[in-house]
Amino acid sequence: MVNITPAGAASSLLQGSGLTKPTPGAGGTSFFDMLKSGVESVHDSQAKSEQLTTDALMGKADLTQVVQGVAKAEVMLQTMVSIRDRLLTAYQEIMNTRI
């Protein structure tokens, strides 16, 4: 089984594009670091949701906690997919711009 980490997923986006990791701007954090943080947050939420589900099956967690955890993970994943889609759309518009 292939083990995919959030940091590796964000890094692979840059490797495939030929871009390098940018340095932090005036705000203190780079866009890459912000994206990496978001991916890690979604990954952590998914892992916590899976752990809650496992605990519920073993009788260690309340069903309400499981439903809340899964719902939170789902919303975070949908948000990250929406951000990805917007980034791809913006990239495509930039690439189609005539100079």
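Residues numbered from 1 in each chain as written. Predicted model: local features only at pLDDT ≥ 70, side-chain atom pairs only at ≥ 80, totals over all residues. Heavy atoms only, no water.

A.B. asks: Describe the overall build of the protein, with residues and values.
C.D. replies: Looking only at helices and strands, one finds three helices and zero strands in the protein. Counted from the first residue to the last, the protein has its helices and strands arranged as α-α-α. Taken over 99 residues, the protein has a buried fraction of 16%. Residue pairs in contact within the protein that sit at least 24 positions apart in sequence constitute 48% of those at least 6 positions apart. Here the protein displays about 7,900 Å² of accessible surface, and carbon together with sulfur accounts for 60% of that area. (Helix = DSSP H or I, 4+ residues; strand = E, 2+ residues; numbered from the N terminus. Buried < 20%, exposed > 50% of the residue type's maximum accessible area, 1.4 Å probe, protein only. Contact = heavy atoms within 4.5 Å. Areas by Shrake-Rupley, 256 points an atom, 1.4 Å probe, with all protein chains shown as cover.)

A.B. asks: Account for a nonpolar patch on the surface, with residues named and values stated.
C.D. replies: Where nonpolar side chains cluster on the molecular surface, the patch consists of Phe-31, Met-34, Ile-83 and Leu-87 and spans about 380 Å² of accessible area. Elements with a contribution of two residues or more to the nonpolar patch: helix H2 (31-57) and helix H3 (63-96). Assignment of secondary structure puts Leu-87 in helix H3. (Patch = residues over 30% accessible without salt bridge, like charges linked within 9 Å, V, L, I, M, F, W, Y side chains within 5 Å. Salt bridge = Lys/Arg side-chain N within 4 Å of Asp/Glu carboxyl O.)

A.B. asks: How would you sum up H3? Please name residues and give values.
C.D. replies: Helix length check: H3 (34 residues) gives 49 Å between terminal C-alpha atoms against 50 Å at 1.5 Å per residue, within 8%. What H3 keeps buried is the set Val-66, Gly-69, Ala-73 and Met-80. If you follow the buried residues of H3, they end up packed against H2. (Expected span 1.5 Å × (residues − 1).)

A.B. asks: Give a detailed account of the side chain of Ser-49, specifying residues and quantitative values.
C.D. replies: Inspection of the secondary structure puts Ser-49 in helix H2. When neighbours within four sequence positions are excluded, Ser-49 is seen to be in contact with Gly-69, Val-70 and Ala-73.

A.B. asks: Explain H2 residue by residue, including any values.
C.D. replies: Compared with the 39 Å implied by 1.5 Å per residue over 27 residues, the 39 Å span of H2 between its first and last C-alpha is a close match. Positioned one or two residues after H2, Gly-59 has a phi angle of 85 degrees, which is positive.

A.B. asks: Describe the packing of H2 against H3, with residues and values.
C.D. replies: Between H2 and H3, the shortest axis-to-axis distance is 9 Å and the interhelical angle comes to 155 degrees. It follows that H2 is roughly antiparallel to H3 by the angle criterion. Remark: the crossing between H2 and H3 carries left-handed chirality. Every residue of H3 that contacts H2 at Phe-31, Gly-38, Val-39, Ser-41, Val-42, Ser-45, Gln-46, Ser-49, Leu-52, Thr-53 and Ala-56 is listed here: Gln-65, Val-66, Gly-69, Val-70, Lys-72, Ala-73, Met-76, Leu-77, Met-80 and Leu-87. Classifying every residue of the contact of H2 with H3 gives twelve nonpolar, eight polar and one charged. (Axes fitted to C-alpha atoms, helices over the stretch in contact; angles between N-to-C directions. Parallel < 35°, antiparallel > 145°, perpendicular 65-115°, else oblique. Left-handed = near helix turned anticlockwise from the far one by under 90°. Nonpolar A, V, L, I, M, F, W, Y, C, P; charged D, E, K, R; others polar.)

A.B. asks: Describe the pattern of salt bridges, naming the residues involved and giving the relevant values.
C.D. replies: Counted by the stated rule, this structure contains one salt bridge. In this structure, Asp-85 and Arg-84 form a salt bridge, with 2.7 Å as the shortest nitrogen-oxygen distance. Residue Asp-85 is classed as partly exposed on the basis of its relative accessible area of 36%.

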